[in-house]
Each structure stands twice: as C-alpha cells, then as structure tokens.
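# Survey of secondary and tertiary structure
One letter stands for each residue in the lines below.
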Amino acid sequence: MCIRDSARAVKALAGSKSGKTPVVLIRDKDLLTGFNKPDPWKMQDMLDRAVMTLTGKEDVMNAWKEILEPDDILGIKSNVWSYLPTPPELEQAIKKRALDVGLREENIGIKDRGISNDPIFQNATALINTRPLRTHAWSGVGSLIKNYITFIPNPASLHGDSCADLATLWKLPVVEGKTRLNVLLMLNPLFHGVGRHHFSKEYTWEYKGIIAGFDPVAVDSIGVRILQAKRKEFFGDDRPLNPTAKHIYLADTRHKIGTADPGKIELIKMGWEEDILI
C-alpha cells in the first residue's frame, strides 16, 4: 500500500473541501532562538496545530490519536547531517505526543543511520518522517522522499540519473504503508551550494516554519517551490536547481506514491506570512 492509499491519507483527502491533497505550512516569526534551534514550546505548538489541521480535530490529543495508537511501534526517522540536522526540539515534540497517546517508551526510536539493523525500525508499525530541507549535489534537494535512503544498505545504488528513483524506497516492505506523518523543517533552509556536502550559512535564511502532510511528495513539492522562489529572490533571476529535483515529480508520475502537481495540492497557510514566498 502506498502513502496515497493509506487510510489516513484517504481520510484527509476526503475531508478537504477542495478534494486536493492537503499540506500545512505553518510559521512563527519568534520560533528561533539560534541557528536551526527552535524554541521547544513554540515547536510543540506548531507541530500540534499542523496535526490538528490535517486531521480536522479541534483537540490536540484527539488529533494525535488519529495518527498513532497505543500499541504502535514507532520509528521517528530524523536526519543527522552535521550542518543542518533535525533539531532535537522537534524529535522530542513528536516523542512527547507519542507517549501522551500511550505508546511505551521502549517502543519509540529516533534515528537516522543504522536503521537497517535497528529492531524498532525493522519492526515498526508506524513511522514519522522528518528532516530539514536543503540543496543536494546528487538529487537537487535533500528532503522527505530521500530521507528513507538509510533503510537500504547501499544508498549509492540510487544515485544514478540524479537519484530519479528515490521513490522506490517507499515501496520497501519495511516502509510501505507505515508513514503516519511527514514534517519538512523550514527553519533555516539551505537554498544553494556546489559540490558534495556543500554548506555555507550565506545560502541559508530564517524562514521559521515547517511543512507537514500525509503525502511526502506533496510536502516536498511545496518545499521545492519555496526554495526556488528564494533562489530567484537572492540571485535576481531564475536559477534552476542543479541537478533538478526530478525525483519528486517522478515519485508522482512514474512511481505513483503521491502528488507533485501544485494544482492538485491544497496548501493551508498558518501563522506568520511575511516573505512566505509561495
């Protein structure tokens, strides 16, 4: 079962007045206390509001109970890239709500590397996928679709053709149908770089937001549009990603795991709107 066929994704789509795939973009101008360091209380509030909006529930815990169940084994798939990792404030916000739902602490794991032999991730009944958005030398961007690449022992096997077939990761038996929520971090996105493991703070900015949804393709599609808009603003002209992030669109058109077409996505904007770029 692919993500677009999961019960929660279908329910969210049915509940959308537009009939489109819902994606939540939420920002707070006072979110950051430092580079890639959110205020933990504001981070929790933003995450909760996104989940409530996606599920259509007005109560925080009722919303999280639509996503997780007490007997779940939960893998929180983060990202440890040293320059721009998933911040612990978000990891702990997710874990807190999992515990509040009733999951046992020993049934919750937070990890990026080494998950191919991690018992929690290998036996998980639920996954929550989260990482920051950044440009990437091989795939155009490092985002949610790509974040599951550590589920395979040889990530380089998917590097061909600008990582065109990263969506096949979502059809692995250990992954397929298990992802309950995707959260793309837009705190200080990296919008430009050249070469492997490139990083310069000059090419980051304080966007102070997250993008959340049940469909990783739709969330990534929105993230890339914002990144492209920032590149145009910064450089003064259209400057496509090099390489292009074609794996996002192929995840829809070739692999059918989600929706990349902006015309089929309902973007729900919440919070601070200054310089939103979309």
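Note: the structure precedes this text.
One structure accompanies this document, and this report is about it.

Procedures and definitions
Residue indices begin from 1 for each chain and proceed along its sequence in written order. With pLDDT at 70 or above as the cut-off, local features in this predicted model cover only qualifying residues; side-chain atom pairs require 80 or more to be listed or tallied, and sums for whole chains, interfaces and linings still use all residues. With hydrogens and water stripped out, all remaining heavy atoms of the structure feed into the side-chain values. Here, nonpolar core means buried Ala, Val, Leu, Ile, Met, Phe, Trp, Tyr and Cys residues that are tied together by side-chain atoms lying within 4.5 Å of each other. The cut-offs for exposure are 20% and 50% of the maximum accessible area for each residue type, with area from a 1.4 Å probe on protein chains only; residues under the lower value are buried, those over the upper are exposed, and the others partly exposed. Helix and strand assignments follow DSSP, with helices taken as H or I runs no shorter than four residues and strands as E runs no shorter than two, numbered in order from the N terminus. By definition in these notes, contact holds between two residues if any of their heavy atoms fall within 4.5 Å. What counts as a salt bridge is simple: a side-chain nitrogen of Lys or Arg found within 4 Å of a carboxyl oxygen of Asp or Glu. Here the aromatic set is Phe, Tyr and Trp, taking the six-membered ring for Trp, and pairing holds for ring centres within 6.5 Å; pairs whose planes are under 30 degrees apart are stacked, those over 60 apart are edge-to-face, and all others are tilted. In this analysis the charged atom, NZ for Lys or CZ for Arg, is taken to sit over a ring once it is within 6 Å of the ring centre and within 35 degrees of the ring normal. Paired strands, in this sense, are two strands between which DSSP finds at least two bridges.

## Digging into the nonpolar core
Among the nonpolar cores identified, the biggest contains 47 residues, and Val141, Phe151, Leu169, Ile211, Ile226 and Ile248 are the most heavily contacted of them. It is helix 7 (residues 216-235) that provides the largest number of residues to this core, a total of seven residues. When residues no more than four places from it in sequence are discounted, the contact partners of Val141 are Leu133, Arg134, Thr135, His136, Lys146, Val224, Leu227, Leu241, Ala245, His247 and Ile248.

## Section: the pattern of salt bridges
Two side chains bearing opposite charge may form a pair once their charged atoms approach each other closely. Scanning the entire structure with this criterion turns up 18 salt bridges. Between Lys111 and Asp118 there is a salt bridge, with its nearest N and O atoms 2.9 Å apart. Connected through salt bridges with shared partners, the residues Asp48, Lys96, Arg97 and Asp100 form a single ionic network.

## Looking at the packing of aromatic side chains
This model, assessed by the stated rule, comprises 15 aromatic pairs. Consider the rings of Phe191 and Trp205, whose centres lie 5.8 Å apart with planes at 75°: the pair is edge-to-face. Taken together, the residues span a long stretch of sequence, with Phe191 in the loop between strand 8 (179-190) and strand 9 (209-213) and Trp205 in the loop between strand 8 and strand 9 at a distance of 14 residues. Judged on exposure class, the residue Phe191 and its partner Trp205 are both buried. Clustering of aromatic rings is evident, with ring pairs tying together Phe191, Tyr203, Trp205, Tyr207, Phe234 and Phe235. One cation-aromatic arrangement involves Arg134 over Trp81; the distance from NZ or CZ to the ring centre is 3.7 Å.

## Structural notes on the environment of Ser162
Along the chain, Ser162 turns up in helix 6 (residues 160-163). According to the relative accessible area criterion, Ser162 is partly exposed, its value standing at 23%. In sequence terms Ser162 and Ala245 are 83 residues apart; their C-alpha atoms lie 7.7 Å from each other. Setting aside its immediate chain neighbours within four residues, Ser162 contacts Trp138, Ser139, Pro243 and Lys246.

## Looking at the pairing of strand 1 (residues 21-27)
Of all seven residues making up strand 1, seven are buried, and the element is well covered by its neighbours. Residues of strand 1 alternate between two faces, with Thr21, Val23, Leu25 and Arg27 on one and Pro22, Val24 and Ile26 on the opposite face, all of them buried. By the bridge criterion, seven bridges tie strand 1 to strand 10 (residues 265-271) in an arrangement that is parallel. Directly across from Val23, in strand 10, lies its bridge partner Leu267. Sheet topology places strand 1 next to strand 9; four bridges connect them, and they run antiparallel. Each bridged residue has a counterpart across the sheet, and for Ile26 the counterpart in strand 9 is Ile210.

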